[in-house]
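Examining the three-dimensional arrangement
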Amino acid sequence: MTHQFPAITRLGLGGVALLLVLAGSALPAVASPADAARSTAQPTVEEQRLDRAAPQEILRRSGFDALAPRFAHALEGARGYAQAERAVNRHASALWQRAVDRAQGRGPAAGDLSRGDDRPLYWARLALSRELRAWTPRFGLDDRQRKALHTALETSSRGQADIRYPGRQMKRVLVTGFDPFTLDRDVRIGNPSGASVLALDGTLVRTAEGPARIEAVVFPVRWTDFAEGTVERALARHLPYVDVFTTISQGRQGRFDVERTNGAWRGGFPDNENLARTGTVPVTDPASQPQWTSTTLPYRLLTEADTGRFPVYDNTEVTEIPAGATQPVTRPEGPTPGSTARAGGGGDYLSNEIAYRATLLRDRMGLSKLPGGHLHTPVLQFGAGNESPATGEVTDPGFERNRSDIVRQVRELVRTAVRATR
């Protein structure tokens, strides 16, 4: 998820507008519990894209279009907050498990869209989120409680609530992916890191020292969620117990990159809410925050191993402001002492930020020898003749082949990294 889109027009700051709903007559009246709980928020920028043709086709052709109506029905039946919370967690967890099962060939396909497609999960999550935002319960629900329900929906539908490892006799691997992004450029877009996560979650890889279990989660492409600590909350309780971790995102065309260095800088490219953020990556205890963090993945082995169709590079390039200087420069061999970050090897977008946050968390937890870092996949491209967002199909044979090849190679790269651990 490098900032590799210079031809895209930068979008203005998006946001969620509030709509005041007045109930009852013009005369003063005491608000009922239902009035107090009434939703007053319009759909988010992400949720508003749901009504476009491609998302609706993706949901229909995967069978995931049935999930939001069922969720809405469950919410309507809730008689109190505890029941609503159970409904949210149940339906969100079921969405995640359905997406994983579909990607791994379990259960009916429920539609003619490829099983390995990550897009049904993304659009179905937004459909559930929109239903929850519009819901008016039969009981009082304050803003804090409503936000907690949305957080539960996000957490459970992203695999963050079902990370389960067996006993210590088996190696443990944690991988992360991302939602699709740049959707205003092409709403049909998928993300091969998300597809890889679905294919890998709960699977085993074999090593000379025995099997290793992979657990996987997916993160939003939203600056605000990262500033609020979503990465640290999801990873902190697991890093001390894993043997390898890697964050994964979509990067450059035709190549994988093992990103050697991550920078503490946000470059401002708009996220999925059309929000732009520029400045130092916001973390706790900023006084001790380093400008750079480094991978501890076995990058030489990953670049040398025969893992698949695409070349794998050890990417050492960064952009920095050298010590005592004022203008940024590109350094092909990495940062110089005392420099200020302006882009890591993975750029200055959220892929660089998740790599920075995960490796900073690793170091702050005293796990500096734990193998971990960031892997960029090739861009997932549509096939020849299907490149146009306006007239193209949501899938084609070239698109399916590209995604399958990327996912297969991610699996081999993870296997290679696990085999290098002792």
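Presented here is an overview of the structure given in this document.

Cut-off values and rules
- Residues numbered from 1 in each chain as written.
- Predicted model: local features only at pLDDT ≥ 70, side-chain atom pairs only at ≥ 80, totals over all residues.
- Heavy atoms only, no water.
- Helix = DSSP H or I, 4+ residues; strand = E, 2+ residues; numbered from the N terminus.
- Rg over C-alpha atoms; globule rule 2.2 N^0.38 Å.
- Contact = heavy atoms within 4.5 Å.
- Lys, Arg positive; Asp, Glu negative; His and termini not counted.
- Charge placed at Lys NZ, Arg CZ, Asp CG, Glu CD.
- Axes fitted to C-alpha atoms, helices over the stretch in contact; angles between N-to-C directions.
- Parallel < 35°, antiparallel > 145°, perpendicular 65-115°, else oblique.
- Nonpolar A, V, L, I, M, F, W, Y, C, P; charged D, E, K, R; others polar.
- Phe/Tyr/Trp six-rings, centres within 6.5 Å; stacked < 30°, edge-to-face > 60°.
- Buried < 20%, exposed > 50% of the residue type's maximum accessible area, 1.4 Å probe, protein only.
- Lys NZ or Arg CZ within 6 Å of the ring centre and 35° of its normal.
- Pairing = 2+ DSSP bridges.
- Salt bridge = Lys/Arg side-chain N within 4 Å of Asp/Glu carboxyl O.

1. Let's talk about the overall build of the protein
Looking only at helices and strands, the protein features 13 helices and 14 strands. For 422 residues, the compact-globule estimate of 2.2 N^0.38 gives 22 Å, and the protein sits close to it at 22 Å. Counting only C-alpha atoms, the protein reaches 70 × 55 × 50 Å along its principal axes. Here the contacts in the protein between residues at least 6 apart in sequence split such that 77% fall between residues at least 24 apart. One finds the centroid of the 54 positive side-chain charges in the protein at a distance of 4 Å from the centroid of its 47 negative side-chain charges.

2. Section: the packing of helix α5 (residues 81-103) against helix α6 (residues 119-134)
Where α5 contacts α6, the axes come no closer than 10 Å and their chain directions differ by 170°. Put simply, α5 runs roughly antiparallel to α6. Contacts between α5 and α6 pair V88, H91, L95, W96 and A99 from the former with L121, A124, R125, L128 and L132 from the latter. Its residues placed into classes, the contact of α5 with α6 shows 8 nonpolar, 1 polar and 1 charged.

3. Let's talk about the packing of aromatic side chains
Taken as a whole, this structure holds 9 aromatic pairs when the rule is applied. Where Y122 meets W123, the ring centres are 4.8 Å apart and the plane angle is 70°; that geometry is what we call edge-to-face. Summarising the burial analysis for this pair, Y122 and W123 share the class buried. Note on W135 and F139: the rings are 5.8 Å apart at their centroids and 70° apart in plane angle, and the pair reads as edge-to-face. An identical accessibility class is assigned to W135 and F139; each is buried. Through a chain of ring-to-ring contacts, three or more aromatic side chains come together here, namely F181, W223, F269 and Y349. For R98, the ring lying beneath its charged end belongs to F64, and the centroid distance is 5.0 Å.

4. Let's talk about the sheet that holds strand β13 (residues 340-343)
Backbone hydrogen bonds are what pair the strands of a sheet, in a parallel or an antiparallel way. The strand order across the open sheet built from 3 strands is β12-β11-β13, with neighbouring strands paired in antiparallel fashion. Strand pairing shows two members of the sheet lacking a second neighbour, β12 (329-331) and β13, which therefore form its edges. Going across the sheet, the axis of each strand differs from the next one's by a mean of 45°, ignoring polarity. As defined by bridge partners, strand β11 (residues 318-321) adjoins β12 across 3 bridges and the pair is classed as antiparallel. If you follow E320 over to β12, its bridge partner there is V329.

5. Let's talk about the pattern of salt bridges
By the definition in use, this model includes 32 salt bridges. In this structure, the salt-bridge partner of D186 is R188, at a minimum N-O distance of 2.9 Å. There is no split in this pair, since D186 and R188 are both buried. A salt bridge links R403 to E400; its shortest N-O distance comes to 2.3 Å. Separated by 3 residues within a single helix, R403 and E400 lie in helix α13 (residues 397-419), roughly one turn from each other. Like R403, the residue E400 is buried in the burial classification. Ionic contacts of the salt-bridge type, sharing partners, join the residues E46, R125, E154, R158, D179, R222 and D225 into one network.

All we've got here are geometric facts, nothing functional implied.
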